[in-house]
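# Remarks on the overall topology
Spelled out, the chains give:
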Amino acid sequence: MKQNHLFTYSKICALALTGAGALFFTSCAKDGYDEESFDSGVSNTQVASLSADDITITPSADGKSQTISWPVVMGAGGYRINLIDVSNPDEPLINDSIVDGCSVTTKREEDVNYQMTLLTLGNKSKNNTDASETLEYAFSTFTPTFMTIPAGSDLTTWFAANLPTDKIGENLNFDLEGGADYTISGLIDFDGQAVTLRSNSKDNHPTITLTSADAAINFTAGFNAKYLDFDCAARVGAKGVFEFSKSTTVTAASDIDPAVYAWTGPIITDPITIVSCNFENLKSYLFFDNQAKTACMTFLVDNCFVHMTPETNLGGGVFWTNKAGHINDLTVSNSTFYEPDDVTGDYKYFYQAGMATGPNLYVKDTPEYQAATNSVNYLNCTFYHVTWNGGQWGNYNGMQSKNYSYWIMKNCIFYDCSPSGVARRFLHGRANQLHAEFANNTYMNADGTFQEAENPTYDTSGTMIQEDPQFANPAIGDFTISGATQVARQTGDPRWLP
């Protein structure tokens, strides 16, 4: 990205402006605008228009904001700027604001197409008039697209024909067309190729229908699904929508670096993320290790809505990795998982893990072994009627009572889940886990009573909410809350906050 070195006359001042609910800052410059100490000498003219080549976009270090800057136009009296998210034009980030300077800083989000207009204004005191043209400038925070998949494609056959074999080590972004329909007719096995599947519009998800019992996505490298809707009705039984590759070509970690790794299967160091996706008619597991000896270090599910309708009692978990594989850090956040009240089947566990724990991935007494931890995290989620039929919230033999395991459950609402106790089973039946953190959770039974109400042995935070969250209409999947304490503490999936 080119740098702007045209601030020879600049002095930075702090001018905060508020526009359309977005806070942003401008950098003011000694550029002839009415500064007594500097005069550009430009008068009685029409000031120059800016061009696309003049614009520099600089993200902040944390990626939460971005600075848009341009060079000084001599004789200008300011700049009129507008900035919108193309998918949400009715709520401008900057709305027809006058900037007395040559930069603005505004919020930045991932995977957004932005559109800016910028007009150079004349300086009336110098009898200078506005530029003849308004610059229209588009930019994006989407990572570059590798290929766009045509609407209507069967992703199984499309990837069989189009997935490259010479891009291992890169993460390839495949865009699906917003609002379009796609199918998965059988197994898609990305194996060692890191892949991102995403909609080209955050607010207009394509629908991917799994059309057979064999339809699934397998991988042994980083994988991301973003802004997608899945209909999983045909994927039935003890299998996962997402799985580790059964027959991987990826070399075992212990063969790559035997001085560090004790793990005799592949390790996926890039994250596995399922972000802003919706799942309808989930009748199998969401993720299954597929009896493949693979470990992933980070698995994140965020801002997802998962409607589960298992037809039989499934012996594993919604996340099931006790057959050979391993998830080192599982986080489920800002999401809803629910089964209708009339569902006929259930899951035995929400998360069942086994086999290796964090330190077991490494050679004993190495620095990696000494530093290793693992964790299970549930943050700001709503869970309704899940593991209701005698199931358990968690089962992980290798993690309990270990000083390297972290258990974090905050701001969640559980209704009719894990009748033997959500908090108890979350901690695998071991009270007072060393690194357990709880805050503001609701554990409500179907009969209106509350788990751990009299003897909070497992959730010892003293913050449990023993009030009905008063869901709006669970029968149609509407979990908007009106319970006063839940609303006050902003608990559950944020999409259901009034």
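Everything here concerns the structure above.
This brings us to empty space enclosed by the protein. Empty space among the atoms becomes visible once a probe the size of a water molecule is rolled across them. One pass over the structure, following the stated rule, counts one cavity of 30 Å³ or more. Estimated volume of the largest cavity: approximately 40 Å³. Among the secondary structure elements, those contributing two or more residues to the lining of the largest cavity are β26 (326-333) and β28 (346-353). The residue makeup of the lining of the largest cavity, split by class, is seven nonpolar, five polar and no charged.

A few words now on the state of the cysteines. This model, assessed by the stated rule, comprises zero disulfides. You can see cysteine 304 has no disulfide; the closest cysteine sulfur is in cysteine 277, sitting 5.1 Å from it.

Looking now at the pattern of salt bridges. If you walk through the whole model with that rule in mind, you get ten salt bridges. With a closest N to O distance of 3.4 Å, arginine 80 and aspartate 96 form a salt bridge. With arginine 80 in strand β5 (residues 76-85) and aspartate 96 in strand β6 (residues 94-99), this residue pair connects regions lying 16 residues apart in the sequence. The class for arginine 80 is partly exposed, based on a relative accessible area of 29%. Since its relative accessible area comes to 43%, aspartate 96 is described here as partly exposed. For lysine 107, the salt bridge goes to glutamate 109, with nearest N and O atoms at 3.7 Å. Residue glutamate 109 is classed as partly exposed on the basis of its relative accessible area of 34%. Residues joined by salt bridges that share partners form a network here, namely Lys107, Glu109 and Lys202.

What counts and what doesn't
Residues numbered from 1 in each chain as written. Predicted model: local features only at pLDDT ≥ 70, side-chain atom pairs only at ≥ 80, totals over all residues. Heavy atoms only, no water. 1 Å grid on protein atoms, 1.4 Å probe; cavity = no way out; pocket = protein on both sides within 12 Å on 5 of 7 lines; lining within 4 Å. Points joined across faces, edges and corners; volume = space filled by probe spheres on them. Helix = DSSP H or I, 4+ residues; strand = E, 2+ residues; numbered from the N terminus. Nonpolar A, V, L, I, M, F, W, Y, C, P; charged D, E, K, R; others polar. Disulfide = S-S within 2.5 Å. Salt bridge = Lys/Arg side-chain N within 4 Å of Asp/Glu carboxyl O. Buried < 20%, exposed > 50% of the residue type's maximum accessible area, 1.4 Å probe, protein only.

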